[in-house]
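The chain contents come next:
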Amino acid sequence: MRQSPALTFSRVGHAFLGRSLFEDFDLAIGKGEAVALLGPSGSGKTTLLQIAAGIVEPVKGRVLRGYRRQAVVFQEPRLLPWMTLTDNIAYGLAARGEGKAARRRTAERLALSVGLEEADFTKYPAELSGGMRQRANVARALAVDPDMLFLDEPFSATDVGLRRHLQDLLIAAARSRGFSVLLVTHDLAEAVRVADRIAVLSGRDGRIAASRALAGRPGERSERAIFEQVEAWSRDPVFGELFSATERAR
Amino acid sequence: MSHVLAGLGWTGRYLWAGWAGLAGIFCFLAVWQAGHEIYGSFILPSPAETAAAIDALAARPDFWTILSQSAGRALSGFALAAVTGTAAGLVAGYSFAAMRLMKPVVTVMLGVPPIGWIVLALIWFGSSGGTAVMTVVIASAPLSFAGALEGVAKRDRQLDIMAQSFGASWAYRLRTITLPHVLSYLFPAWTTTAGSAWKVTVMAELLSNSGGIGGELATARALFDIPLVTAWLAITVILALATDYGVLHVVREAAERWRSAGLPWGVKR
């Protein structure tokens, strides 16, 4: 019997201030599958992610959710400035009423796993560097043990080393826990590194212009294979729109 | 151990910051002394004469009763105003309709001078403590209302979205996101309110002849005992300062410790 998808967009349409962002958007993400949604700036990628996560209600169509628990890694860390590092990481756990001792244990374990140190546990976000805040952002999402993870251009403001570290960390977590991933990005190399499948959102009509499966599994692809794939696709006219310097005029 | 050290460091910084406040008070005392030397004791008793009058007052058996009477009125009025004003401001911040409904009422409350409310309260409550409490509430609640309203309106919606994505309930978001943010708007309002609560209480007591510090001031004025007048005024100021620096500032420093986190030494305040 075929497994039902973790997430299905069915003829989803949305408009902002009377202007249509996309219409009849369809996409299904299988359980344990990592899909990268690429699109030019202003094409509505983040809105689609917010619709998927239930933060924004679509104007038309529907989203079917076949998962239990979701988490979002945002582009900016969005840590609460009045909470310490471990309280921030445990925010999702506290929101669902988990006990203080249990959530502190989970938060501390995850903080260490993303490369934060014990001395940082009681620090406030203002005392942490940008990279440390982004690590905490990832740890907060993993803390709730999601089976669907939404990533909204999470590493666009991080340096190359940290980006690789966090990407590897997420790939390893997705493999060991088997959660599904929807990654919104405009970085083709990141998409090729992290995803099983790539869907390209057209900047013209807001539909999927191309959907391509990637050979091999995330984490097992060589750097050479990743760069060759990026090189090949960047010459493809479907992907050409992603690298256009001009934003989508609406 | 690190918590103890952090606590000691914070207490030390707080006490050290008090020097600047003390310097301001001594400057004021110097100006007061200069005024006394120009106009004499009958017009303006010196700080030393006032201190002697306070000393004599403190020896009176009913001194603490008088203070507790005024303190009860000022602080209960302040607490009522803070609670009702903040609650109304939060509701107005979340509901546009409630804001449209409440704003004109608040404008009316702010527009009528406290003396006007005292006259009305005198008719409603007579010469009882109710007059002072009601006047304090009406004069102070609009400030808490405005602070809470502004705080809710300017909360970080991105944090709210983050919390929603984790399935946080409305009540949990209010407690962990909105209220800590609103506090930074409420503390300045509460500081102003606490000061005015003492002033309005003494004024209402004086006009309604309902005892307390205001009642004592009325007696001192009738007797032309000017050092006694300045003594009671000084006591009122000391009580207002104690409420502000002894309670509100301490609570604020503790609640907003995160604000000074991450700042290098020397620019803590």
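Residues numbered from 1 in each chain as written. Chains lettered and ligands numbered in written order. Predicted model: local features only at pLDDT ≥ 70, side-chain atom pairs only at ≥ 80, totals over all residues. Heavy atoms only, no water.

- Under the annotation held in an unreviewed UniProt entry, chain B carries the name ABC transporter permease and is attributed to Shinella yambaruensis.
- Taken directly from UniProt, the Subcellular location (unreviewed entry) text for chain B runs: "Cell membrane".
- In its Sequence similarities (unreviewed entry) section, the UniProt record describing chain B reads: "Belongs to the binding-protein-dependent transport system permease family." (UniProt positions renumbered as here; feature names shortened; annotations may be inferred.)

- Chain A is annotated in an unreviewed UniProt entry as Nitrate/sulfonate/bicarbonate ABC transporter ATP-binding protein of Shinella yambaruensis.
- On record in UniProt, under Sequence similarities (unreviewed entry), the comment for chain A is "Belongs to the ABC transporter superfamily."

**Looking at the environment of B:Ala51**
Residues and elements named next belong to chain B.
Then, in step 1: Structurally, the position occupied by Ala51 is in helix 2 (residues 47-58).
Then, in step 2: Looking at Ala51, the relative accessible area reads 41%, which means it is partly exposed.
Then, in step 3: Sequence spacing of Ala51 and Thr230 is 179 residues, and the spatial spacing of their C-alpha atoms is 9.2 Å. (Helix = DSSP H or I, 4+ residues; strand = E, 2+ residues; numbered from the N terminus. Buried < 20%, exposed > 50% of the residue type's maximum accessible area, 1.4 Å probe, protein only.)

**What to know about the domain arrangement of chain B**
Residues and elements named next belong to chain B.
Then, in step 1: In terms of domain boundaries, chain B breaks down into domain 1 (1-41) and domain 2 (45-252).
Then, in step 2: Counting from both sides, the interface comprises nine residues of domain 1 and, opposite them, 10 residues of domain 2.
Then, in step 3: Here domain 1 packs against domain 2, burying approximately 750 Å² in sum over the two surfaces, 62% of which is carbon and sulfur.
Then, in step 4: The largest per-residue losses of area from domain 1 upon contact with domain 2 belong to Tyr14, Trp32 and Ser41, which jointly make up 63% of the total buried on that side.
Then, in step 5: Linking domain 1 to domain 2 there are three residue pairs in polar contact (both at pLDDT 80 or more).
Then, in step 6: Of the residues that constitute the side of domain 1 that touches domain 2, the class distribution is five nonpolar, four polar and no charged. (Domains from an automatic or database assignment. Contact = heavy atoms within 4.5 Å. Buried area = accessible area lost by both parts, 1.4 Å probe. Polar contact = N/O pair within 3.5 Å; in protein donor to acceptor, adjacent residues only side chain to side chain. Nonpolar A, V, L, I, M, F, W, Y, C, P; charged D, E, K, R; others polar.)

**A look at the nonpolar core**
Then, in step 1: Ranked by size, the top nonpolar core spans 96 residues in total, and within it A:Leu7, A:Phe9, A:Ile89, A:Phe150 and A:Ile198 carry the most contacts.
Then, in step 2: Contacts of A:Leu7, omitting those with residues within four sequence positions, involve A:Leu27, A:Ala28, A:Ile29, A:Ala52, A:Val63, A:Leu64, A:Arg65, A:Tyr67, A:Met148, A:Phe150 and A:Leu182. (Core = buried A, V, L, I, M, F, W, Y, C linked by side-chain atoms within 4.5 Å.)

**Quick notes on the layout of surface pockets**
Residues and elements named next belong to chain B.
Then, in step 1: The volume enclosed by the largest pocket comes to roughly 880 Å³.
Then, in step 2: Lining the largest pocket are 29 residues, and of these Ile25, Phe28, Val237, Ile238 and Leu241 lie nearest its centre.
Then, in step 3: At the level of elements, helix 1 (2-39), helix 2 and helix 10 (226-255) are the ones that each hand at least two residues to the lining of the largest pocket.
Then, in step 4: When residues in the lining of the largest pocket are grouped by element, the largest group, 12 residues, is from helix 1. (1 Å grid on protein atoms, 1.4 Å probe; cavity = no way out; pocket = protein on both sides within 12 Å on 5 of 7 lines; lining within 4 Å. Points joined across faces, edges and corners; volume = space filled by probe spheres on them.)

**Here's the deal with the pairing of strand 7 (residues 180-185) of chain A**
Residues and elements named next belong to chain A.
Then, in step 1: Summarising burial for strand 7: six of the six residues are buried, a large majority.
Then, in step 2: Alternating positions in strand 7 separate into two faces, Ser180, Leu182 and Val184 on one and Val181, Leu183 and Thr185 on the other, with burial throughout.
Then, in step 3: With five bridges connecting them, strand 3 (residues 34-38) and strand 7 associate as parallel partners. By the bridge assignment, Ala36 is partnered in strand 7 with Leu183. (Pairing = 2+ DSSP bridges.)

**Some points on a nonpolar patch on the surface**
Residue and element names in this part refer to chain B.
Then, in step 1: There is a patch of nonpolar side chains on the surface, built from Trp16, Trp19, Leu22, Ile25, Phe26, Val237, Leu241 and Tyr245 and spanning about 890 Å² of accessible area.
Then, in step 2: Of all the elements in the fold, those that place two or more residues in the nonpolar patch are helix 1 and helix 10.
Then, in step 3: In terms of residues, the nonpolar patch owes the most to one element, helix 1, which gives five residues.
Then, in step 4: Along the polypeptide, Leu22 turns up in helix 1.
Then, in step 5: The partly exposed category is assigned to Leu22, whose relative accessible area is 39%. (Patch = residues over 30% accessible without salt bridge, like charges linked within 9 Å, V, L, I, M, F, W, Y side chains within 5 Å. Areas by Shrake-Rupley, 256 points an atom, 1.4 Å probe, with all protein chains shown as cover. Salt bridge = Lys/Arg side-chain N within 4 Å of Asp/Glu carboxyl O.)

**Focus on the UniProt feature "transmembrane region" (unreviewed entry) in chain B**
Residue and element names in this part refer to chain B.
Then, in step 1: Mapped onto this numbering, the UniProt entry gives "transmembrane region" (unreviewed entry) at residues 12-32, 74-97, 104-125, 131-149 and 231-251.
Then, in step 2: Across residues 74-97 one finds 96% helix and 0% strand; the C-alpha atoms that close the span lie 32 Å apart.
Then, in step 3: Secondary structure content for residues 104-125 is 91% helix and 0% strand, while the C-alpha to C-alpha distance between its ends is 25 Å.

**Quick notes on the domain arrangement of chain A**
All names here are of chain A.
Then, in step 1: You can read the domains of chain A as domain 1 (1-69 + 151-250) and domain 2 (79-145).
Then, in step 2: With 13 residues of domain 1 in contact, the opposing surface of domain 2 contributes 11 residues.
Then, in step 3: Taken over both partners, the interface formed by domain 1 and domain 2 buries close to 1,000 Å², and the fraction arising from carbon and sulfur atoms is 61%.
Then, in step 4: For the domain 1 face of the interface with domain 2, the top three residues by lost area are Arg69, Leu169 and Arg177, together amounting to 48%.
Then, in step 5: A salt bridge links Arg177 to Asp145; the nearest nitrogen and oxygen atoms lie 3.6 Å apart.

**Comments concerning the sheet that holds strand 2 (residues 19-29) of chain A**
Residue and element names in this part refer to chain A.
Then, in step 1: Taken together, three strands build an open sheet; the order of strands is 2-1-4 and the sheet is antiparallel. Lying at the two open borders of the sheet, with one neighbouring strand each, are strand 2 and strand 4 (60-65). The average angle at which neighbouring strand axes cross in this sheet is 20°, direction not considered.
Then, in step 2: One ladder, built from seven bridges, connects strand 1 (residues 7-16) with strand 2; its direction is antiparallel. Across the sheet, the residue bridging to Val12 is Phe25, located in strand 2.
Then, in step 3: Helix-sheet contacts for helix 1 (residues 45-52) involve strand 1, strand 2 and strand 4, and the interaxial angle to strand 1 is about 125°. (Axes fitted to C-alpha atoms, helices over the stretch in contact; angles between N-to-C directions.)

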